[in-house]
Amino acid sequence: MASPSSTPRIVELAAQISSSVTDLQERLSAQGIPSPSFAEDNPKDFPEDLNSLRDALLDATAELHELLLDPLQLLYKFASIPNMVGIDATTRYNIAGMVPHGGQISFAEISERSGLDKGLVRRLLRHAMSMRIFQEPEPEMVAHTKISSFLSIPYINAWASFEARDTWPAATRVVDSIEKWPGSEEPNQTGFSLANNTDKPVFEFVGAHPERMMRFGSAMKAVDHVPGHAPELISKDYDWASIGNASIVHVGGGRGQIALELAKNFENVKLTVQDMAMMVEGAESDVPDQLKGRVEFMKHEIFDTQTLEADVYFFRMVFRNWCDKYALQILKAQIPALRPGAKILIQDACMPEPDSVPLWRERVQRSVDVALKCYSNGRNRYLDEWKALLAAADERFRLNQVFLPKNSLLSILEIHWVEL
Ligand SMILES: C[S@@+](CC[C@H](N)C(=O)[O-])C[C@H]1O[C@@H](n2cnc3c(N)ncnc32)[C@H](O)[C@@H]1O
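Residues numbered from 1 in each chain as written. Predicted model: local features only at pLDDT ≥ 70, side-chain atom pairs only at ≥ 80, totals over all residues.

1. Section: the domain arrangement of the chain
Interfaces are often sized by the accessible area lost when the parts come together. Where we set the bar: What marks off one domain from the next here is an automatic or database domain assignment. Contact definition: two residues whose C-beta atoms, as placed from backbone geometry, lie within 7 Å. Note on residue categories: nonpolar means Ala, Val, Leu, Ile, Met, Phe, Trp, Tyr, Cys or Pro, charged means Asp, Glu, Lys or Arg, and polar means any other residue, Gly included.
The domains assigned to the chain are domain 1 (9-74), domain 2 (80-152), domain 3 (155-223) and domain 4 (228-359 + 373-417). On a C-alpha basis, the centroid separation for the pair domain 1 and domain 2 is 27 Å. Taken together, the contacts link five residues of domain 1 with nine residues of domain 2. Residue composition of the side of domain 1 that touches domain 2, grouped by class: two nonpolar, one polar and two charged.

2. What to know about the site of the ligand
Quick note on the threshold: In this text, near has one meaning. A residue is near a molecule or strand if its C-beta atom, placed using the backbone, is within 6 Å of it.
Taken together, the neighbourhood of the ligand is formed by 15 residues, with Gly252, Gly254, Ile302, Arg316 and Met317 sitting nearest. Taken together, the residues of the shell around the ligand sort by class into seven nonpolar, five polar and three charged.

3. Overview of the confidence of the model for the chain
Stated precisely, the cut-off is as follows: On a range of 0 to 100, pLDDT expresses the predictor's confidence in each residue.
Taken as a whole, the chain shows an average pLDDT of 94; of its residues, 98% reach a score of 70 or greater. The complex model carries a pTM of 0.90, and its ipTM stands at 0.99.

4. Digging into the packing of helix α8 (residues 154-171) against helix α17 (residues 359-376)
The angle between the axes and the distance between the axes are what describe a pair of packed helices. Note the cut-off: Axes, fitted as lines to C-alpha atoms, cover a helix only where it is in contact. Angles between the N-to-C directions of the axes lie from 0 to 180 degrees. For helices the rule is a DSSP run of H or I covering at least 4 residues; for strands it is a run of E covering at least 2, with both sets numbered from the N terminus onward. Should an angle fall under 35 degrees it is taken as roughly parallel, and over 145 as roughly antiparallel, whereas 65 to 115 is taken as roughly perpendicular and any remaining angle as oblique.
Contact pair α8 / α17: the axes reach a minimum separation of 9 Å and the direction vectors enclose 85°. Taken as axis vectors, α8 and α17 run roughly perpendicular relative to one another. Of α17, the residues touching α8 (which contributes Thr167, Ala170 and Ala171) are Ala371, Cys374 and Tyr375. Looking at the contact of α8 with α17 residue by residue, the classes come out as five nonpolar, one polar and no charged.

What follows is the structure, encoded as structure tokens:
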């Protein structure tokens, strides 16, 4: 991108980085937070109030780094194919779980415990170390970094394994699926279908494979760590107090993690979580005593006619899994239960226009969008696409407001049901 000033871009970026780093470090010191490092015990997360400074720094450092790569190197960086080999091996053998926290373990011992050849362990782990996963504090010994320590959390290991064993093979077949089924909106005509040689939609296929189900479940839990996705944010993301004594149906609400968070913070609301049978089975037993009676579960297929009358129907990260053909069916299925004044709240991505948000956040959104295509022919929608979807479903769906909470990747669309 040409700079309007005569200062070369790399010099401009370096100056911006220097002053922003000084500012960042001062603010970290003022809060008594250690400066970022790869040390195992270094904090994983930055305080929220430093987010915009961090956004600016991440974009500036990435731009400087990418300006200094030649085209082949830049393409190679993004292709990153061999990186997945190291991540697959590390997570499949749960090597992060073998490394003692605050201690070290030899390549030889990892070889013994994993059954992998010692030379191969050294080779794969040194490759992982080049990505800051593990470190070699002395020859032949492996210790944690902040990154590998994070990977040692069992559900994070399972999520990374999900990316390597489920997403990666499916991603390699997305373009094949586009060639084979041009324009398809079907959830069983995807990269995932081709990679797994199945004609079943992803949830059905995974449901029949417990090991994969476990990886998928972990991936859903790991999404909570993506900036702006933490379940605790849900209470701040929308003015729930404004809906008063409300009944909420949380459609596709999984095992109720979000519903429990809402019930905990807003004592006037009562929630019914609807999801597939295998998802809601036994979920009620996780409801703490003090919330019992205010969070209930109900087996409900998302395309079936809604049978519960409520004040609010809440969909979180649901529509993204479906192309318009099916998203329309889901919306229309709610209509028989809707009474004037009922609200539909949709919490999902509202895709940023290019250059409207920090690039590193835009990259996350666009990667998720492609992953959705890869799994179910789903998609992240732009605001005009949401509006068109609602209008096509029924003119009585009126988009009232769109909230984009600060630091969130998920918007909330507040839709009113208006009798004409
Ligand atoms: C991406 S998850 C979102 C879960 C939850 N709303 C959250 O935000 O954590 C999508 C949810 O849709 C549910 N789902 C998918 N297909 C469904 C169907 N046919 N009927 C009911 N629920 C379905 C899944 O079981 C899953 O809980």
